[in-house]
Amino acid sequence: MRIGELADAVGVTTRAIRHYHHLGLLPEPERLSNGYRDYTLRHAVVLARIRRLTELGLGLGEVRDVLADDVGKDLAEVLAELDEDLARQEAALRERRARLRALMEDGVSVEGPVSPELASLFRRTAHLSDSPMAAKDREILALMESTAGPEERERLSGIMSAAMEDPAGVERARAAYALLDDLADAEPDDPRVEQAARALVDCLPGDLTRASPIDHDNSFLRALYADFAPAQAEAIRRTVQIVTRERNVPSPPPDPPA
């Protein structure tokens, strides 16, 4: 058989056959006097087995092990491992579909998809989304959730949810957003910058910022500042400075006993 005839008979491409030759999975056939490869029935049998094994999900390295005479007896073990791997993939897929259904039932936000916890927070604060600064804040929260680890995501979600369940906290956030929105066309030395920074500090739960010092030269912070108008960026920079100074400075030691 010619290579095209073999490919048609087994249902693969001639490119795949050449690739299997290159990897050593399929033995090279003898060549006729005219230089053409002469494939035999044995080549078709081996090629068909390669196709069946790859359709089961085996990688080509695993196929090589199965085809090797000295480890042919391990086929059952390889297939058992493949079955376990497929079971894990099925479980992961079911979990992803469950999350997807929950997102569709709850409604997908502009910033989504996000976790159910953050989606719930966005729903509870939807009345604030008419503020451009509030909309940007939601984007940043979605970004933070995507980049944080599972434990940190849970911690942040709990802190923010608790803050937004407090009506006074929601009003403080509304006031801070309004101050920042007003700075969209202002200069960085505008006296309202300090007022906006103080309003932002009052909105931040203490547990959100007390855990570790803040690096003012952090690349994330630099990118954050660049995404805002100059006066807004200065207000956020002042917020970070105030939080660092007032919340992360260790408490002085107690006075020695008299």
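Residues numbered from 1 in each chain as written. Predicted model: local features only at pLDDT ≥ 70, side-chain atom pairs only at ≥ 80, totals over all residues. Heavy atoms only, no water.

Asker: So what exactly am I meant to see when it comes to the packing of helix α6 (residues 116-124) against helix α7 (residues 132-147) here?
Answerer: How two helices pack is summed up by the angle between their axes together with the distance between the axes. Interaxial distance between α6 and α7 falls to 11 Å at its minimum, and their mutual angle equals 170 degrees. Classified by the angle their axes make, α6 and α7 are roughly antiparallel. Where α6 abuts α7, its residues L118, L121 and F122 lie against R138, L141, A142 and E145. Across the contact of α6 with α7, the residue classes break down as five nonpolar, no polar and two charged. (Axes fitted to C-alpha atoms, helices over the stretch in contact; angles between N-to-C directions. Helix = DSSP H or I, 4+ residues; strand = E, 2+ residues; numbered from the N terminus. Parallel < 35°, antiparallel > 145°, perpendicular 65-115°, else oblique. Contact = heavy atoms within 4.5 Å. Nonpolar A, V, L, I, M, F, W, Y, C, P; charged D, E, K, R; others polar.)

Asker: Would you explain the pattern of salt bridges in this entry?
Answerer: Close approach of charged atoms lets side chains of opposite charge pair. Within this structure, the stated rule accounts for seven salt bridges. One salt bridge connects K136 with D227, and the closest N-O pair in it is separated by 3.1 Å. Linking K136 in helix α7 with D227 in the loop between α12 (219-226) and α13 (230-247), this pair joins segments that are 91 residues apart in sequence. Between R192 and D190 there is a salt bridge whose closest N-O contact spans 3.0 Å. On the basis of relative accessible area, R192 is assigned to the partly exposed category, the value being 33%. (Salt bridge = Lys/Arg side-chain N within 4 Å of Asp/Glu carboxyl O. Buried < 20%, exposed > 50% of the residue type's maximum accessible area, 1.4 Å probe, protein only.)

Asker: Honestly, the side chain of R238 in this entry has me stumped. Any pointers?
Answerer: Tracing the backbone through its elements, the reader meets R238 in helix α13. The class of R238 is buried, set by a relative accessible area of 17%. Beyond its immediate chain neighbours, meaning those up to four positions away, R238 contacts V193, E194, A197 and R245.

Asker: Would you explain the nonpolar core in this entry?
Answerer: It is characteristic of soluble globular proteins that their nonpolar side chains tend to be buried jointly. Within the largest apolar cluster, 31 residues are counted, with the highest numbers of intra-cluster contacts made by L180, L183 and F228. At the level of secondary structure, the elements contributing two or more residues to this core comprise α6, α7, α8 (150-164), α9 (167-182), α10 (192-203), α12 and α13. Excluding anything up to four places from it in sequence, F228 contacts M133, K136, I140, A233 and I236. (Core = buried A, V, L, I, M, F, W, Y, C linked by side-chain atoms within 4.5 Å.)

Asker: I'm lost on a negative patch on the surface in this one. Help?
Answerer: On the surface, a cluster of negative charge is contributed by E62, D65, E77, E81, D83, E84 and E90. Taken together, the elements giving at least two residues each to the negative patch come down to α4 (60-67) and α5 (75-106). When residues in the negative patch are grouped by element, the largest group, five residues, is from α5. Residue position: E90 is located in helix α5. (Patch = residues over 30% accessible without salt bridge, like charges linked within 9 Å, V, L, I, M, F, W, Y side chains within 5 Å. Areas by Shrake-Rupley, 256 points an atom, 1.4 Å probe, with all protein chains shown as cover. Lys, Arg positive; Asp, Glu negative; His and termini not counted. Charge placed at Lys NZ, Arg CZ, Asp CG, Glu CD.)

Asker: Sorry if this is basic, but what is going on with the packing of aromatic side chains here?
Answerer: We describe a pair of aromatic rings using the distance from one ring centre to the other and the angle between the two ring planes. Tallied over the full model, the rule gives zero aromatic pairs. The ring centre of Y225 lies 4.3 Å from the NZ or CZ of R237, which sits over that ring. (Phe/Tyr/Trp six-rings, centres within 6.5 Å; stacked < 30°, edge-to-face > 60°. Lys NZ or Arg CZ within 6 Å of the ring centre and 35° of its normal.)

Asker: Hey, could you run me through the environment of A176 in this one?
Answerer: Tracing the backbone through its elements, the reader meets A176 in helix α9. The sequence separation of A176 and V201 amounts to 25 residues, and the corresponding C-alpha distance is 9.2 Å. The residues contacting A176, other than those within four sequence positions of it, are A199, L200 and C203.

Asker: It is not clear to me how α10 should be interpreted in this structure. Could you clarify?
Answerer: Working note: α-helix, 3.6 residues per turn, so residues spaced by three or four point in the same direction. Taking 1.5 Å of rise per residue, the twelve residues of α10 would be expected to cover 16 Å, and the 17 Å separating its terminal C-alpha atoms lies within 8% of that figure. Among the residues making up α10, those that are buried are V193, A196, A197, A199, L200 and V201. (Expected span 1.5 Å × (residues − 1).)

Asker: Explain the side chain of H21 here, please?
Answerer: Counting through the fold element by element, H21 comes out in helix α2 (residues 14-23). Residue classification places H21 among the buried residues on the basis of a relative accessible area of 9%. Each residue touching H21, except ones within four places of it in the same chain, is listed here: L26, P27, E28, P29, R37 and Y39.

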